[in-house]
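Topology and contacts: notes
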Amino acid sequence: MGAKIPILFVFVMLFALSSANPSMKKQYKPCKNIVLYFHDIIYNGMNAANATSSIVAAPHGSNLTILAPQFHFGNIAVFDDPITLDNNLHSKPIGRAQGFYIYDTKNTYTSWLGFTFVLNSTYHQGTITFAGADPIMQKSRDISVTGGTGDFFMHRGIATIMTDAFEGEVYFRLRVDIKFFECW
Amino acid sequence: MGAKIPILFVFVMLFALSSANPSMKKQYKPCKNIVLYFHDIIYNGMNAANATSSIVAAPHGSNLTILAPQFHFGNIAVFDDPITLDNNLHSKPIGRAQGFYIYDTKNTYTSWLGFTFVLNSTYHQGTITFAGADPIMQKSRDISVTGGTGDFFMHRGIATIMTDAFEGEVYFRLRVDIKFFECW
Amino acid sequence: MGAKIPILFVFVMLFALSSANPSMKKQYKPCKNIVLYFHDIIYNGMNAANATSSIVAAPHGSNLTILAPQFHFGNIAVFDDPITLDNNLHSKPIGRAQGFYIYDTKNTYTSWLGFTFVLNSTYHQGTITFAGADPIMQKSRDISVTGGTGDFFMHRGIATIMTDAFEGEVYFRLRVDIKFFECW
């Protein structure tokens, strides 16, 4: 009979431990999952009013109003793109995607992304920071979520990016499926 | 009576577990907290001797000695700034803040930061790496601490940044309150 | 006698806990260790066919085919470098190192690195993302591994970088000893 006390005690202790300690919640299914869209309109010398990104660096021989030859290798673009809940550029933004991308391959389209979602709406308050390689020509590709603040305090995860639409070399829309595997 | 043995055993096991495993120390109050200052003097064509940062990229139509119009949108600056324990530019540096910032909005001052504190003093030895959006006009703003080495091996946390002072568009000083929530 | 049941139960519970929860595996010896090499050939105006990286930004007064004076302060280079298992440039690549480096000091060679290993071979499938300061003149230096995908899902760690070889200012080879301390 006396043995029942420790069993109960163990349960209580383990429960207390897992409640008190966020790292105990780590798991292979996401602890949080958000899908958002962002919209990038590249400045091309003629669309100053609408453009949300600008080429700011280019390799020798290129200029800053036309993406470079050789798959844009060497271009750096800085952006401040609206984030929406659905795939409509004209939906009310719930935040901004801010950062940069680099075209970094000479024989195909790939980029490297460093950016942050700055979310400020009734849905979400806080930031989510991303980094990683984006092999653009693949249908879906994974980058790392390296940190967060506010609602996403200390979060980490994986973001699956898909090019949802593009028009010429001026507009593209990315669908970002953010799966957090470390929540606090 | 026999029930007391497992209770003690559970305590011992739980204690051993929490000692052996750094992730068990995760908590919502910081496991380490450091406040530091760094000092950025932007090259403006006339201050080569003192400048600690340089504009290295700009949007179409701008140059590299004057920050761009439209809230500096599209400028990238590279920096190697002294870090001090107090808010005095002339205090003995305890390390260098090295990396870059990007001005990334056309209708207000915001930047995106990627940089590392390289600390090398009796106070601290090691590096702390930061990434995130910096909405400069807000009094305080949070960015992510994505990694560390040396004294800050594998650390993660949140850094609260405040603009402690600025002079025109040449000098600014940031106060960085680094709260580590994951220590090893 | 009844006391033995809870003891066994505790073992089972603790084992289940540590199996189910990746964070329990955190430890100060690496949970995974990989050594790889990557090879950077900087475009100098004459080696377009072989070059794997390009200077895309420079401080006022410099150009994009010659690294800047003052220890290259202010240069940003974008790269897409082959990764090999050994220190031979001509070995079969097992992936690409993609990202950028910034020369960020005026009185010595230091850089800041943001890049991703994109691995795609029978050895490894997935990405590893790095960020940190690289004081090039030191024999070995540590940067942070801030995230991973695929085989390196959610991993974190420390990468020790050594300059394994260099030829003038055109070619350098880095040895990267990646120690993961957080595996999932």
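Every residue gets a number counted from 1 within its own chain, in the order that chain's sequence is written. Both sets of labels track the order of writing: A upward for chains, 1 upward for ligands. The model is predicted, so local features are restricted to residues of pLDDT at least 70 and side-chain atom pairs to those at 80 or more, both for listing and for counting; the totals for chains, interfaces and linings are taken over all residues. The basis for every side-chain value is the complete set of non-hydrogen atoms in the structure, without hydrogens or water.

1. With respect to the packing of aromatic side chains
To pair, rings of Phe, Tyr and Trp, with the six-membered ring standing in for Trp, must have centres within 6.5 Å; the planes then decide the type, stacked if under 30 degrees apart, edge-to-face if over 60, and tilted in the middle. Following the criterion strictly, the structure yields 57 aromatic pairs over all chains and no others. Here the aromatic rings of phenylalanine 153 of chain B and phenylalanine 181 of chain C are separated by 4.7 Å at their centres, their planes lie at 75°, and the arrangement is edge-to-face. Here phenylalanine 153 of chain B is found in the loop between strand S7 (140-150) and strand S8 (156-167), whereas its partner phenylalanine 181 of chain C is found in strand S9 (residues 171-182) on a different chain. For the residue pair phenylalanine 153 of chain B and phenylalanine 181 of chain C, the accessibility class agrees, reading buried in each case. Each member of the aromatic cluster is reached from another via a ring pair, and the members are Phe38, Phe79, Tyr101, Tyr103, Phe115, Phe117, Phe130 and Phe172 of chain A. A run of H or I in DSSP counts as a helix once it spans at least four residues, and a run of E counts as a strand once it spans at least two, with each numbered from the N terminus. Per-residue accessibility, obtained with a 1.4 Å probe over protein chains only, is compared with the maximum for each type, and a residue is labelled buried under 20%, exposed over 50%, and partly exposed between these values.

2. Here's the deal with the state of the cysteines
Here a disulfide denotes one covalent bond, and it connects the sulfur atoms of two cysteines. All names here are of chain C. The rule for a disulfide is simple: a pair of cysteine sulfur atoms within 2.5 Å. In the structure shown here, the tally under the stated rule is three disulfides over all chains. Here cysteine 31 pairs with cysteine 183 through a disulfide, and the sulfurs are 2.1 Å apart. The sign of the 90° torsion about the S-S bond sets the cysteine 31-cysteine 183 disulfide as right-handed. Residue cysteine 31 is located in the loop between helix H1 (4-20) and strand S1 (32-41), and its partner cysteine 183 is located in the segment after S9; the two are separated by 152 residues in the primary sequence. For cysteine 31, a relative accessible area of 28% puts it in the partly exposed group. For cysteine 183, a relative accessible area of 11% gives the class buried.

3. Here we look at the pattern of salt bridges
Salt bridge, as applied in this entry: a Lys or Arg side-chain nitrogen positioned within 4 Å of an Asp or Glu carboxyl oxygen. Applying the stated criterion across every chain, the model contains 18 salt bridges over all chains. In this structure, the salt-bridge partner of glutamate 182 of chain B is arginine 156 of chain C, at a minimum N-O distance of 3.5 Å. With one member in each of two chains, glutamate 182 of chain B in strand S9 (residues 171-182) and arginine 156 of chain C in strand S8 (residues 156-167) form a pair that bridges those chains. Of the two residues examined, glutamate 182 of chain B and arginine 156 of chain C, each falls in the buried class. Residues joined by salt bridges that share partners form a network here, namely Arg156 and Glu182 of chain A, Arg156 and Glu182 of chain B together with Arg156 and Glu182 of chain C.

4. Description of the environment of alanine 77 of chain C
Residues and elements named next belong to chain C. For alanine 77, the location among the structural elements is in strand S3 (residues 76-84). Assessed through its relative accessible area of 4%, alanine 77 is described here as buried. Distance from alanine 77 to tyrosine 103, taken between C-alpha atoms, is 8.6 Å for residues 26 residues apart in sequence. The contact criterion used is simple: two residues touch if any of their non-hydrogen atoms lie within 4.5 Å. With near-sequence residues (within four places) excluded, alanine 77 lies in contact with Ser54, Ile55, Gly99, Phe100 and Tyr101.

5. Topic: the confidence of the model for chain A
Residues and elements named next belong to chain A. Taken as a whole, chain A shows an average pLDDT of 87; of its residues, 85% reach a score of 70 or greater. Confidence of the predictor at the level of single residues is captured by pLDDT, which takes values from 0 to 100. Taken element by element, the predicted model of chain A shows its lowest mean pLDDT in helix H1 (residues 4-20) (46) and its highest in strand S1 (residues 32-41) (98). Low pLDDT, under 50, characterises residues 1-5; the stretch is placed with four contacts to residues that sit more than four places away or in other chains. Note that residues 8-26 has pLDDT below 50 and, in this model, 43 contacts with residues that lie over four places away or in other chains.

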